[in-house]
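A structural walkthrough
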Amino acid sequence: MKECVFIDGVRTPNGRAHAEKGWFRNLRPDDLLGEVYKALFARNPKVAPEDVDALFVGCANPSGMQNDIGRLAWLAHGYPESVASNTITNQCPSGMAATIHAARAIMTGEADIMIAAGAEDMQKVPMAANMDFPPQLFNRYNPMEIPMGSTAEKVAETYKVAREDMDNMAIWSHKKASEARNAGKFKGEIVPVMGVDDEGKEFLVDRDQWVRDKMDPEKMASMQSPFKPGGVVTAATSSPLTQGACALLMMSREKADELGLSYSYRYKMGSFGACDPTLMGIGPIVAVNKIFEKTGLKGEDMAAVELNEAFASQALACIRELKLDKDNAPFDRVNLWGGALALGHPLGESGARIIITLLNVLKNEKPEGKYGLASLCGGFGNTAAILVEKVD
Ligand SMILES: CC(C)(COP(=O)(O)OP(=O)(O)OC[C@H]1O[C@@H](n2cnc3c(N)ncnc32)[C@H](O)[C@@H]1OP(=O)(O)O)[C@@H](O)C(=O)NCCC(=O)NCCS
């Protein structure tokens, strides 16, 4: 097997998927993807677009403006027709699936240079847009338990995650994201993109829209669940509707050396898993345990972990079951620059975005650390995880 190394990773800021307030409301998701393609090649002039073997692009809802978005954004932005692409979907883990498949293509020797990306605009293509469920599905599952918010409520109940712990996690996530943003830590991964403010005035967006510098615990404690009467999951403890795109440049170690490129981390292992769709948030327990069982590693062996915060309830249940960190925030290795509760979660993009952030967190916060882990849950019980290792 060849070694697959990570050369670079870029992302747009995450904008709110909101028709009047979203900073990127006038852009299409393919525009956002075009911006990250452009930035990746501008930052890596030794890599010619025509030398890329293929690009794999994760997208949870590949319909409308997102239909075959990987290929169409590539062509629309003037890149060579000869480069193959696959738009990949398995709900939220789509961007991670793209990365795992790209790594496997490199490791088997089928490819030398790959781009793994993700894109989603939850305003232009809303969650479950154009869905037509197979009727038999609802002989097996209660249709009321399939929507994402309902699964978050069920995880909170099943895994006994308290409302206060979820609120505490959201406060911590915004605090860490705000600190990282204000210290310029995302500068290495964010590509500034022109957007519009509330009044429609153009400005260069270089930060994530949702992150709050100040939280209001009293307001949070008074918020009601939009998902279940008397429920415990609120807008503050849910990831917001988001738009964003990102891309990773990956190579065989030989190719990177041949081009004289530097790298610090390699892909060690990836896993796909699956669980009960009505408890979809616990997916990372399955996907991460597969990696732990195969490698003999444990949570405490990880220098840093990026665990996507689709909802605070599921993130806490996973952290606790997998013993990734303490039972409650503040954490020592999980989501050190904040998570999706603050940064946002553009569904199919996030799986690749958390790998980009993981690599930057490792490099900046834990340069001596050997292993990093990223994982996320996804609709209908899809899940994936990835283990990266420092290169000797
Ligand atoms: C939870 C959800 C329904 C909220 O949608 P929404 O009502 O449009 O969200 P808003 O942005 O208007 O927020 C609702 C309110 O909560 C408030 N709020 C949100 N986060 C807050 C926080 N951290 N602190 C205080 N108030 C907060 C907002 O300010 C707003 O209050 P306002 O109406 O007084 O301005 C939506 O974000 C959602 O569906 N999230 C989950 C997405 C999902 O399922 N992803 C897939 C995961 S697998």
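Refer to the structure above for everything that follows.
Residues numbered from 1 in each chain as written. Predicted model: local features only at pLDDT ≥ 70, side-chain atom pairs only at ≥ 80, totals over all residues.

Comments concerning helix α10 (residues 312-322)
- Along α10, 9 of the 11 residues are buried, which leaves the element largely enclosed by surrounding structure.
- All of the buried residues along α10 are A312, S313, Q314, A315, L316, A317, C318, I319 and L322.
- Each element contacted by the buried residues of α10 is listed here: α5 (148-158), α6 (163-182), α9 (283-295), β10 (302-307), α11 (340-343) and β11 (371-377).
- The positive-phi residue at the C-terminal boundary of α10 is K323, with phi of around 50°. (Buried ≥ 20, exposed ≤ 12 C-beta atoms within 10 Å, placed from the backbone. Helix = DSSP H or I, 4+ residues; strand = E, 2+ residues; numbered from the N terminus. Contact = placed C-beta atoms within 7 Å.)

Here we look at the site of the ligand
- The local shell around the ligand holds 19 residues, among which M148, A235, A236, S238 and A310 are the closest.
- In terms of residue class, the shell around the ligand is built from 11 nonpolar, 5 polar and 3 charged. (Near = placed C-beta within 6 Å. Nonpolar A, V, L, I, M, F, W, Y, C, P; charged D, E, K, R; others polar.)

A few points about the packing of α5 against α10
- Where α5 contacts α10, the axes come no closer than 8 Å and their chain directions differ by 40°. By the angle between their axes, α5 is oblique relative to α10. Considering only the axes of α5 and α10, their crossing is left-handed. Contact residues: A152, V155 and A156 in α5; S313, Q314 and A317 in α10.
- Across the contact of α5 with α10, the residue classes break down as 4 nonpolar, 2 polar and no charged. (Axes fitted to C-alpha atoms, helices over the stretch in contact; angles between N-to-C directions. Parallel < 35°, antiparallel > 145°, perpendicular 65-115°, else oblique. Left-handed = near helix turned anticlockwise from the far one by under 90°.)

Comments concerning the environment of F380
- Relative to the elements of secondary structure, F380 occurs in the loop between β11 and β12 (382-390).
- Separated by 276 residues in sequence, F380 and R104 place their C-alpha atoms 25 Å apart.
- With residues up to four places along the chain from it excluded, the contact list for F380 reads Q91, P277 and M280.

Topic: the nonpolar core
- Of all hydrophobic cores here, the largest spans 131 residues; its most connected members are V36, M114, A117 and M250.
- A total of 9 residues in this core trace back to one element, the largest contributor, which is helix α12 (residues 347-365). (Core = buried A, V, L, I, M, F, W, Y, C linked by C-beta atoms within 7 Å.)

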